[in-house]
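Letter by letter, the chains look like this.
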Amino acid sequence: MTAKLYWQTEGQGSDLVLIHGWGMNGAAWQQLVPTLAKHYRLHIVDLPGYGHSHELPATDVEGMARQLLDNSPESATWLGWSLGGLVATQAALLAPERVNQLITVASSPRFAAQHTWRGIKPEVLADFRRQLDQDFQATVERFLALQAMGSPTARQDIKRLKEAVLSRPAPNREALAMGLKMLEEVDLRDQLEGITQPWLRIYGRLDGLVPVKIAKALDDLAPESQRQIFASASHAPFISHPDEFIQVLKGFIR
């Protein structure tokens, strides 16, 4: 039997697709599901190579976006966290009639720093790539710690993220390597003018992976979009500030 992309579907209302980040799986959203399911029909994916989709072959950002589009509602709001935001943005560009609203969380059209563009230093990504070959479990755990760094509730945040990762099968090594390659190489900045649907960008002011100064740069590249900055959040504001995060979503999704 061919392995299929795994989706968790919950709730009633307008359709909301939720996409996790690198090294994670759909269980990352579990804390929000009971509340969000009262308002929306949730479609929570395990990306190819991750969680219950771990047997699927790794693919690039466009391949991921097309796979999700092939298995998602005809019209929905798409919410992507971190690397998932890159996938959601690519889907919004490929099929604007299917992605009627876009929400990106702690994400960037280009994750790697370049010239004056702020982001993850190339040597940090190269270090992760080297570590991945030696001990991919330790690499994922180190990345989890980086995601919560700076948050006042860092210890709790890491615990919740780790529990989410461990509740489903571990990601396959090829998917992790492809994900790092995407973080290093993908650059959608020049395509952002193609996003005409409503777009909300959410950031954590203390985020060490997606510097909050990117928010200002995106104001210029995507002037029609909206932004929300969580003052005391890091890379996972929906984990550290779930109630405020849900209020922001409800205020945006129409």
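Keep in mind that this is a model prediction, so the values were computed, not measured. (Residues numbered from 1 in each chain as written. Predicted model: local features only at pLDDT ≥ 70, side-chain atom pairs only at ≥ 80, totals over all residues. Heavy atoms only, no water.)

(A) Just the packing of helix H4 (residues 122-134) against helix H5 (residues 136-148), in detail. One can describe the packing of H4 onto H5 by two numbers: an axis separation of 6 Å at closest approach and a directional angle of 140°. For the pair formed by H4 and H5, the contact residues are Asp127, Phe128, Gln131, Leu132 and Gln134 on the first element and Phe136, Thr139, Arg142, Phe143 and Leu146 on the second. Residue composition of the contact of H4 with H5, grouped by class: five nonpolar, three polar and two charged. (Axes fitted to C-alpha atoms, helices over the stretch in contact; angles between N-to-C directions. Helix = DSSP H or I, 4+ residues; strand = E, 2+ residues; numbered from the N terminus. Contact = heavy atoms within 4.5 Å. Nonpolar A, V, L, I, M, F, W, Y, C, P; charged D, E, K, R; others polar.)

(B) Structural view of the side chain of Gln8. For Gln8, the location among the structural elements is in strand E1 (residues 6-10). Polar contacts involving the side chain of Gln8 include one to the side chain of Glu10, which spans 3.2 Å. Polar contacts involving the side chain of Gln8 include one to the side chain of Arg168, which spans 3.0 Å. Those residues in contact with Gln8 that sit more than four places away from it in its chain are Gln30, Leu42, His43, Ile44 and Arg168. (Polar contact = N/O pair within 3.5 Å; in protein donor to acceptor, adjacent residues only side chain to side chain.)

(C) Fine view of the pairing of strand E7 (residues 226-230). One ladder, built from five bridges, connects strand E6 (residues 199-204) with E7; its direction is parallel. Among the inter-strand pairings, Leu200 is bridged to a residue of E7, identified as Gln226. Handedness of the crossover is the feature at issue here: the chain leaves E6, passes through helix H8 (residues 214-221), returns alongside E7, and the resulting connection is right-handed. (Pairing = 2+ DSSP bridges. Right-handed = clockwise from strand over helix to strand, strands pointing away.)

(D) Focus on the sheet that holds strand E3 (residues 40-46). The seven strands are arranged E1-E3-E2-E4-E5-E6-E7 in an open sheet whose pairing can be described as mixed. Strands at the two margins of the open sheet, each flanked by one partner only, are E1 and E7. Between one strand axis and the next, the sheet turns through 20° on average, direction left out of account. Relative to E3, strand E2 (residues 14-19) runs parallel, the two sharing six bridges. Each residue of the ladder has a partner; that of Ser14, found in E3, is Tyr40.

(E) Here's a closer look at the pairing of E3. Extensive coverage of E3 is indicated by the burial of six of its seven residues. Sheet topology note: the E1/E3 ladder contains five bridges and is antiparallel. Across the sheet, the residue bridging to Trp7 is Val45, located in E3. (Buried < 20%, exposed > 50% of the residue type's maximum accessible area, 1.4 Å probe, protein only.)

(F) Quick look at H4. Taking 1.5 Å as the rise per residue, H4 with 13 residues should run 18 Å; its terminal C-alpha atoms sit 19 Å apart, in good agreement. Tucked into the core, H4 has its buried residues touching H5 and helix H7 (173-185). (Expected span 1.5 Å × (residues − 1).)

(G) Representation of the nonpolar core within the structure. One finds Ile19, Trp22, Tyr50, Leu68, Trp78 and Val87 to be the most contacted residues of the largest nonpolar core, which totals 53 residues. Among the elements that line this core, the one with the most residues is helix H3 (residues 83-94), at seven residues. Ignoring any residue separated from it by four or fewer positions in sequence, one finds Trp78 in contact with Val17, Ile19, Leu68, Leu69, Ser72, Ala88, Ala91, Arg98, Val99, Gln101, Leu102 and Ile103. Membership of the second largest hydrophobic core comes to 35 residues, among which are Trp29, Ala164, Ile246 and Ile253. (Core = buried A, V, L, I, M, F, W, Y, C linked by side-chain atoms within 4.5 Å.)

(H) View of the pattern of salt bridges. Using the criterion set out here, one finds twelve salt bridges in the structure. For Arg168, the salt bridge identified is with Asp46, shortest N-O distance 2.8 Å. Of this pair, Arg168 sits in the loop between helix H6 (154-166) and H7 while Asp46 is found in strand E3, placing the two residues 122 residues apart along the sequence. In this pair, the class of Arg168 matches that of Asp46, namely buried. Here Asp219 and Arg201 are joined by a salt bridge, their closest N and O atoms 2.5 Å apart. Residue Asp219 is located in helix H8, and its partner Arg201 is located in strand E6; the two are separated by 18 residues in the primary sequence. Note on Asp219: relative accessible area 22%, which makes it partly exposed. Overall, the relative accessible area of 1% leaves Arg201 in the buried class. (Salt bridge = Lys/Arg side-chain N within 4 Å of Asp/Glu carboxyl O.)

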